[in-house]
Amino acid sequence: MGPKSILGLAGTLIVVLLVLSSVYIIPETHRGVLLRFGELVETDIQAGIHFKVPVIDQVRQFDVRVLTTDLPSRQYLTVEKKPLDVDSYLAWKIEDVDQYYRATGGDELRARSLLSSRVDNGLRDEFGVRTMHEVVSGQRDELMNTLTEQVNEATIEEFGVHVLDIRVKGIELPGSVSENVFRRMAAEREKLAQEFRSRGRELAEGIRADADRQRTVVLAEAFARAEETRGEGDGQAARIYADSYSSDAEFYQFYRSLEAYQNTFDSKDDIMVIDADNAFLRYLKDPMGGN
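About the thresholds
Residues numbered from 1 in each chain as written. Predicted model: local features only at pLDDT ≥ 70, side-chain atom pairs only at ≥ 80, totals over all residues. Heavy atoms only, no water. Salt bridge = Lys/Arg side-chain N within 4 Å of Asp/Glu carboxyl O. Pairing = 2+ DSSP bridges. Helix = DSSP H or I, 4+ residues; strand = E, 2+ residues; numbered from the N terminus. Axes fitted to C-alpha atoms, helices over the stretch in contact; angles between N-to-C directions. Core = buried A, V, L, I, M, F, W, Y, C linked by side-chain atoms within 4.5 Å. Buried < 20%, exposed > 50% of the residue type's maximum accessible area, 1.4 Å probe, protein only. Parallel < 35°, antiparallel > 145°, perpendicular 65-115°, else oblique. Contact = heavy atoms within 4.5 Å. Nonpolar A, V, L, I, M, F, W, Y, C, P; charged D, E, K, R; others polar. Left-handed = near helix turned anticlockwise from the far one by under 90°. Expected span 1.5 Å × (residues − 1). Arc of directions from axis to C-beta. Phe/Tyr/Trp six-rings, centres within 6.5 Å; stacked < 30°, edge-to-face > 60°.

(A) Spotlight on the pattern of salt bridges. The tally for this structure, following the rule as stated, stands at 13 salt bridges. Each member of the salt-bridge network shares a partner with another, and the members are Asp141, Asp165 and Arg167.

This is the structure we're talking about:
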C-alpha cells in the first residue's frame, strides 16, 4: 500500500471519528444540556438524535423519571417537647433542567442533599407545632400533604425539582424515652394486676363464705328432715308393735321374756341365783307358759 493510500485511509478514519463524535443521542427517560468550553449554551434538550461540535462541546444528561430518596433518621421535638425519631423518604423528579443544572451543577448527590435539608427543616417546623398524638395518627396525613406543598413550592423555584410526595416511614421514641415509657407502663399494668388480684381474692372469699353458709344450711335442713323422718319411722314402728302385741298379749309376754333371757344369759360366764319358782323362769320350765 502506497503513502497516498495510507493518507487517504487515515483521513477517512478521522472524518468518521469526527462525525461520530459530533452525534449524540438523548434517550426518552433523560433530558440534556450542552456545554461549550464549560459554559451552558443549550438546555432542556429533548430525546432524540442531536449534533454538537466535537471536542469543543460537551453534553450532560439527566434522568427525568420519578426518583426516591431515603432520608436519614432525624430526631424532632413535638409541641410538648417530646423527642421522636423519624424515618422518612421523598419522591421527586427534575422539572426544569436549566434551573436544576444551575443550582446543582448536574450533581444528583448535591440535589439529594439540598432536598434532604429542605425536608428536614420542614419536618422540624411541622412537628414543633403538633402534639405527639397528632403526628403519630391524628394529623399525620395532613402534616405530610402540607409539608409536600411547602417544600415543592421552594424546590421548583430554587432547584427546578418537583417534589411529588414526602412520607414518614416510621416514628419511634428514642431508646431512653422508650425504656422510661416501658417501665411506667409495666408499673401501671402491675398495679392494675394487683387490683384485679385483690378483687379476685375478695370475690373468692365471698363465694367461699356463701358456699359454707349454704352448706351449713343444707346440712341443718337435711338433719332436721332426717330426724323428722326417723321420728315418724319410730312412731310407725311403735304403732305396728303395739297393734301386733295387743292382738295376742300372751305371745307378747312370751316374746318379751325371750328377749330378757337373751340379754340376761348373753355370756357363758354369767351366774344368776334365783328362786326356781320365780315368775321370770316360768317359760324356761314350761315353754307353753303353764304354771
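Next, the rest of the story.
(B) Looking closely at the sheet that holds strand 8 (residues 161–172). The three strands lie next to each other as 6-7-8, forming an open sheet whose pairing is antiparallel. In the strand order of this sheet, the two ends are held by strand 6 (67–77) and strand 8, each with one partner. Strand-to-strand, the axes of this sheet are offset by a mean angle of 25°, without reference to chain direction.

(C) Highlighting the nonpolar core. Counting 31 residues, the largest nonpolar core has Trp92, Leu123 and Phe127 as the members making the most contacts within it. Counting residues per element, the ones that place at least two in this core are strand 2 (30–36), strand 6, strand 7 (83–94), helix 2 (97–104), helix 3 (108–128), helix 5 (140–159) and strand 8. It is helix 3 that provides the largest number of residues to this core, a total of six residues.

(D) Summary view of the sheet that holds strand 5 (residues 57–63). Read from one edge of the open sheet, three strands run 3-2-5, paired in antiparallel fashion. One side of each edge strand has no neighbouring strand; the edge strands of this open sheet are strand 3 (39–45) and strand 5. On average, each strand axis in the sheet is inclined to that of its neighbour by 20°, with strand direction left out of account.

(E) Looking closely at the packing of helix 2 against helix 5. Direction vectors running N to C along helix 2 and helix 5 enclose 80°, while the axes themselves pass 7 Å from each other. Comparing their axes, helix 5 and helix 2 come out roughly perpendicular. Facing helix 2, whose interface residues are Gln99, Tyr100 and Ala103, helix 5 presents Ile156, Glu157, Glu158 and Phe159. Grouping the constituent residues of the contact of helix 2 with helix 5 by class yields four nonpolar, one polar and two charged.

(F) Representation of the packing of helix 3 against helix 5 within the structure. Interhelical geometry of helix 3 versus helix 5 gives an angle of 145° and a closest axis separation of 10 Å. Here the hand of the crossing between helix 3 and helix 5 comes out right-handed. Every residue of helix 5 that contacts helix 3 at Leu114, Leu115, Arg118, Val119, Gly122, Leu123, Glu126 and Phe127 is listed here: Leu143, Met144, Thr146, Leu147, Gln150, Val151, Thr155, Glu158 and Phe159. Looking at the contact of helix 3 with helix 5 residue by residue, the classes come out as 10 nonpolar, four polar and three charged.

(G) Quick look at helix 5. Taking 1.5 Å per residue, 20 residues should reach 28 Å; helix 5 reaches 27 Å between its end C-alpha atoms and fits that length. Among all positions of helix 5, only Leu143, Met144, Leu147, Thr148, Val151, Asn152, Thr155 and Phe159 are buried. All buried residues of helix 5 project into a common sector of 150° when viewed along the axis, lining one side. Residues Glu149, Glu153 and Glu157 are exposed on helix 5 and point more than 90 degrees away from its buried face.

(H) Examining the packing of aromatic side chains more closely. Counting across every chain of the model gives three aromatic pairs. Judged by centre distance (5.5 Å) and plane angle (75°), the ring pair of Phe62 and Tyr100 falls under edge-to-face. Within this pair, whereas Phe62 is found in strand 5, its partner Tyr100 is found in helix 2, the two being separated by 38 residues in sequence. When the centroid spacing of 6.2 Å and the interplanar angle of 45° are considered together, the rings of Phe62 and Tyr101 count as tilted. Here the residue Phe62 occupies a position in strand 5, and Tyr101 occupies one in helix 2, the gap between them amounting to 39 residues. With relative accessibility at 5%, the residue Phe62 sits in the buried group. Among the aromatic residues, those joined into a ring-pair cluster are Phe62, Tyr100 and Tyr101.

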